[in-house]
Amino acid sequence: MKRGAKRRSSVWECFEQVGTSNFVSCKKCYARLKYCGASTSTMMAHMMKHMSTTTLEVEEEDEKPLITAPRIEKGNTSNSEVTQTANMFPNTETTTPPPERDHGEKKRSRRSSVWDIFIKVDDEVHCTICDTKLKYKSSTTSMMYHLRNKHSDKDNASNEGASLVTHAEVTELICRMIEKDMMPISVVNGEGFQELLAQIVNGYKMPSAGNIMRFIEGHFHEKAEDLRVQLVKVEKVAITADFWAALPFQRYVTVSCSFITDDWKGRSAVLQTHMLSEDHITTESITEMLLSTVQAWGIAGKVTACIHNNKENFLSGKACDYVTWDFAACFAMTLHLAVTDGLSEDLMRIIAAAGRLVQHFNHNTMAREALEQKQVQMCLPQHKLINSDKTRWDTICDMFEQLLEQRWAIKAVLSDRTITSRQDAQDLEMEDDSWQIIENFTPVLATLKWATVVVSAETEASISNIYPITFSLIQTHLVPKENDVEQVREFKLKVQESLRNHMEIDSNELASKPALIASILDPRHKHLSFLTPAGRLAAKVKLHELVSKLDTMTASGVLKDEQQETPVTPDMSQQVLASNLRSDTKNTMMLLLGDNYSSSYATDSEAQVDYYLRDIAPSLDINPLDWWKINRQRFPKLESLARHYLCLPGVSLPSLQSEAGQTFAAMRTRLNPEHMNMIIFVNRNA
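Rules and cut-offs
- In this numbering scheme, every chain counts its residues from 1 along its sequence in written order.
- Reporting of local features is limited, given that this is a predicted model, to residues whose pLDDT is at least 70; pairs of side-chain atoms are given and counted only at 80 or more, and all residues count toward the totals for whole chains, interfaces and linings.
- The basis for every side-chain value is the complete set of heavy atoms in the structure, and neither hydrogens nor water enter the calculation.
- UniProt positions are given in the numbering used here, feature names are shortened, and annotations may be inferred rather than shown by experiment.
- Put simply, DSSP H or I for four residues or longer makes a helix, DSSP E for two residues or longer makes a strand, and each gets a number counted from the N terminus.
- Think of it in three bands: with a 1.4 Å probe and only protein chains considered, a residue is buried below 20% of the maximum accessible area for its type, exposed above 50%, and partly exposed in between.
- Exposure was quantified through the Shrake-Rupley algorithm and a 1.4 Å probe, taking into account, for residues, occlusion by the shown protein chains and nothing else.
- The contact definition used throughout considers only heavy atoms, calling two residues in contact when any of these lie within 4.5 Å.
- Should a side-chain nitrogen of Lys or Arg be within 4 Å of a carboxyl oxygen of Asp or Glu, the pair is scored as a salt bridge.
- Within 6.5 Å between ring centres, the rings of Phe, Tyr and Trp (the latter by its six-membered ring) count as paired, and their orientation is classed by plane angle as stacked under 30 degrees, edge-to-face over 60, tilted in between.
- The criterion for a charge sitting over a ring is simple: Lys NZ or Arg CZ within 6 Å of the ring centre, and within 35 degrees of the ring normal.
- Throughout this description, a polar contact denotes any pair of N or O atoms lying within 3.5 Å of each other; where both atoms belong to protein, one of them has to be capable of donating a hydrogen while the other can accept it, and for residues adjacent in sequence the pair is counted only when both atoms sit in side chains.
- At least two bridges found by DSSP between two strands is the condition for calling them paired.
- The convention used is that axes are lines fitted to C-alpha atoms, helices contributing only their stretch in contact, and that angles between N-to-C directions extend from 0 to 180 degrees.
- Here, the term nonpolar core denotes a set of buried Ala, Val, Leu, Ile, Met, Phe, Trp, Tyr and Cys residues that are joined through side-chain atoms within 4.5 Å.
- The start and end points of each domain follow an automatic or database-based domain assignment.
- The disulfide criterion used throughout: a pair of cysteine sulfur atoms within 2.5 Å.
- The predictor's confidence in any single residue is recorded as pLDDT, a number from 0 to 100.

In the annotation of an unreviewed UniProt entry, the protein is listed under the name BED-type domain-containing protein and assigned to Iconisemion striatum. Here the protein is described in UniProt, under the heading Subcellular location (unreviewed entry), as follows: "Nucleus".

A. The arrangement of the overall build of the protein in detail. Secondary structure summary: the protein contains 26 helices and 11 strands in total. Relative to its 686 residues, the protein shows a buried fraction of 42%. Carbon together with sulfur atoms contributes 51% to the accessible area of the protein, which is approximately 38,800 Å² in total.

B. How the structure looks around the environment of Ser472. Mapped onto the fold, Ser472 is located in helix H16 (residues 466-477). Along the backbone, Ser472 and Phe530 are 58 residues apart, and their C-alpha atoms lie at a distance of 7.6 Å.

C. Focus on H16. Burial in H16 covers these residues: Ile466, Tyr467, Pro468, Ile469, Thr470, Phe471, Leu473 and Ile474. Contact partners of the buried residues in H16: helix H9 (331-342), helix H15 (432-455), helix H17 (486-503) and helix H18 (514-521).

D. The pattern of salt bridges, seen in detail. Enumeration over the complete set of coordinates arrives at 17 salt bridges. Residue Arg668 pairs with Asp242 through a salt bridge whose shortest N-O separation is 3.2 Å. Of this pair, Arg668 sits in the loop between helix H25 (659-667) and helix H26 (676-684) while Asp242 sits in strand E7 (residues 237-247), and the two are 426 residues apart along the sequence. When the shortest N-O distance is used, the salt bridge between Arg634 and Asp615 registers 3.2 Å. Of this pair, Arg634 sits in the loop between helix H23 (624-631) and helix H24 (636-646) while Asp615 sits in the loop between helix H22 (605-614) and H23; the two residues are 19 residues apart in sequence, bridging distant segments of the chain. Accessibility expressed as a relative area gives 21% for Asp615, which makes it partly exposed.

E. Looking closely at the packing of aromatic side chains. Per the counting criterion, the structure on display carries 17 aromatic pairs. An angle of 85° between the planes, with centres 5.1 Å apart, marks the rings of Trp627 and Trp628 as edge-to-face. Linked through ring pairs, Trp264, Tyr611, Tyr612, Trp627, Trp628 and Phe635 together constitute an aromatic cluster. When the ring centre of Trp297 is taken as origin, the NZ or CZ atom of Arg228, which lies over that ring, is 4.5 Å away.

F. Molecular detail of the side chain of His126. Mapped onto the secondary structure, His126 falls in strand E5 (residues 124-127). A polar contact is formed between the side chain of His126 and the side chain of Glu124, at a distance of 3.4 Å. Apart from residues lying up to four places away in sequence, His126 is in contact with Ile117, Phe118, Ile119, Val121, Thr132 and Lys133.

G. Main features of the sheet that holds strand E4 (residues 118-121). The antiparallel open sheet is built from 3 strands, whose spatial order is E4-E5-E6. Each end of this open sheet is capped by a strand with a single partner; those strands are E4 and strand E6 (133-135). Going across the sheet, the axis of each strand differs from the next one's by a mean of 30°, ignoring polarity. By the bridge criterion, 4 bridges tie E4 to E5 in an arrangement that is antiparallel. Within E5, the position partnered with Ile119 by the bridge is His126. The strands touched by helix H4 (residues 141-150) are E4, E5 and E6; relative to E6, the strand with the most contacts, the crossing angle is about 150°.

H. View of unusual backbone geometry. Despite not being glycine, Met182 shows a phi value in the positive range, around 50°. Within the element layout of this structure, Met182 appears in the loop between helix H5 (167-181) and helix H6 (191-200). The backbone phi angle of Cys379 is positive, close to 60°, even though this residue is not glycine. Relative to the assigned elements, Cys379 resides in the loop between helix H11 (365-377) and helix H12 (394-405).

I. Here's a closer look at the nonpolar core. Core analysis: the biggest nonpolar cluster contains 92 residues, and Phe400, Leu403 and Phe491 have the highest contact counts within it. The biggest single contributor to this core is H15, with 10 residues. When residues of this core are assigned to domains, at least three fall in each of domain 3 (217-330 + 652-685) and domain 4 (339-506). Apart from the residues within four sequence positions on either side, Phe400 is in contact with Ile350, Ile351, Ala354, Ile438, Phe441, Thr442 and Leu445.

J. Region of the structure containing the state of the cysteines. Evaluated as defined, the whole model comprises 0 disulfides. Of all cysteine sulfurs in the structure, the one in Cys647 sits closest to Cys257, which takes part in no disulfide; the separation is 9.4 Å. Residue classification places Cys647 among the buried residues on the basis of a relative accessible area of 7%.

K. Layout of the sheet that holds strand E2 (residues 23-26). If you trace the 3 strands from one edge of the open sheet to the other, you get E1-E2-E3, paired in antiparallel fashion. Pairing within the sheet leaves two strands with one partner each, and these edge strands are strand E1 (15-17) and strand E3 (32-34). Sheet twist, expressed as the average angle between the axes of neighbouring strands with direction ignored, equals 35°. Pairing of E2 with E3, which is carried by 3 bridges, proceeds in the antiparallel orientation. By the bridge assignment, Val24 is partnered in E3 with Leu33.

L. Structural context of the environment of Lys311. Position of Lys311 among the secondary structure elements: in the loop between strand E10 (303-308) and strand E11 (326-329). Once the C-alpha coordinates of Lys311 and Met333 are considered, the two residues, 22 residues apart in sequence, prove to be 7.9 Å apart. When neighbours within four sequence positions are excluded, Lys311 is seen to be in contact with Met333 and His336.

M. Quick look at the side chain of His146. Position of His146 among the secondary structure elements: in helix H4. If we skip the residues at most four places from it in the chain, His146 touches Phe118, Cys127, Cys130, Thr132, Leu134 and His151.

N. Local environment of the confidence of the model for the protein. Across the protein, the average pLDDT comes to 79, with 77% of residues at or above 70. No element of the protein has a lower mean pLDDT than helix H2 (residues 53-59), which averages 39, and none a higher one than H17, which averages 95. Across residues 52-109 the pLDDT falls below 50, and counting only partners more than four positions away or on other chains, this stretch makes 68 contacts in the model. Between residues 558-583, whose pLDDT stays under 50, and residues either more than four places distant or in other chains, the model counts 5 contacts.

Okay, structure coming up:
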């Protein structure tokens, strides 16, 4: 039998060889012993004579392992070594190593503060500040030296309980937590929260709710001042009014603004959140509230239009009598109303049955685990079934897509009597006709859902997409097909009619709608191919009117600026004329006909509009703001008008259509009305 490799003796934990000489040095008393190169007997004898167990236990204040007899493993040591070790340790069995000492048994008067900074991993310690790794046997000396040399400016290792984070920084972090997570300020009064901080930060005294509120008020005023500076530089803005409710009797409206910066970047910010009184919700009160908000922020004369999600239609055409801007409904709300109008009783019954089926698998552990097994057996995606939300129609589409994907796995579980009882299976199983309706209905819902996603995008001008998408839905996607089931055919026709009414497709005032004006100023949609020839002509005439109106408003100011910037005395004019007469023919023609003769389209408003409309349209994946940033010098008249209308969002609050937006909508309902405006402002304008 082959002999195993000889293990290194444990005495080398206390000795080290001196260079390449035949001497070894004791790490404890620094004694030098002769070493012949094979035997460790002299070192063992030295350990037993000069390092008794009692001495070793008290030698180090920090955790020191006991020096015990070296382990003797069977088959790995010669008989002479075993005999020698047995004589040196008469009370130790040679076949079984002595049990290791449990360091936790040793009572310690005080724990070293370095363990607040270091973490022990196997036989190493890791610094949590710089991630340095140090060897650790039993002493904390090396860790102390590391803290003194590397982190003396952050932490004084010799002071017990010292903290790397100051109390002021902890207070600042608490304020940031309340702002980001939209938590009530009263959270600082919670006993559990205070106990947590007392355990983490030594000696920290929790500020009162009033002090925390004053810190957050400071952040509020800083952000408000920064926003005011930005709004002063902006030529035009759009405002949005997002109506929402925290409780049945607590209704609010959050007023936001959107604008385009000098470098053609879209920006948005929350201005103010108002609490509405149920007894005084009228057109006059809401418009007065909007007016007071824009006046407080100094943008009263800069508002192009207001986008709102008010279902009661308080902000209709009548509201325009009180303000100078237009009103437009949130497109996400318009689609929601159209889909709701299109849902028949048969479709509602199928939606309810699908919801019960999903709820069964989500709440029944046995059924859920069986479905997961069937998914693996059938090589299906291991997706969890999604239930619909009554307040969001787009979740119906998500629920139907998952049911269709997992249909046969669901049927297999329902037909297994060891998992699902016969009665439950009869109540939950849907008929084949219902599955056919779901299969036919889901693509229609998916199209409407993606329309909402596109218009809710925050990365580009979204309002310019509203009418192209609306006409595409009416003329293409909502047209009944031969293979449509009766319920889906009826749904398409009802949604068509609802969109026509809400979007005023057949109105004579369509060309004056802010969304359509934005479409013609969007280079991707400027051809307006979705309109009739008469509709395109009306939109073109409206664009000319707006450009002419803009010229009239700025003409007097421009003339004054030109007169001030180019003063010419009689003597200077004679010198310039004489100089040009001596030049070549080209300069003479420029003198006679003018510098802008060859590029008159750039200064003539009507010609500029015609040139813009005849220009080749870019592809649909181009951001219109990026296009205007590049081409603004070509169309200086239209560039200013494009800033006015492309800043309009398509929905009242774009981020609410995303998952993060839904989380925000849920979190804001738990705020105290007293602090509602301040917390929402610092959260959304972070």
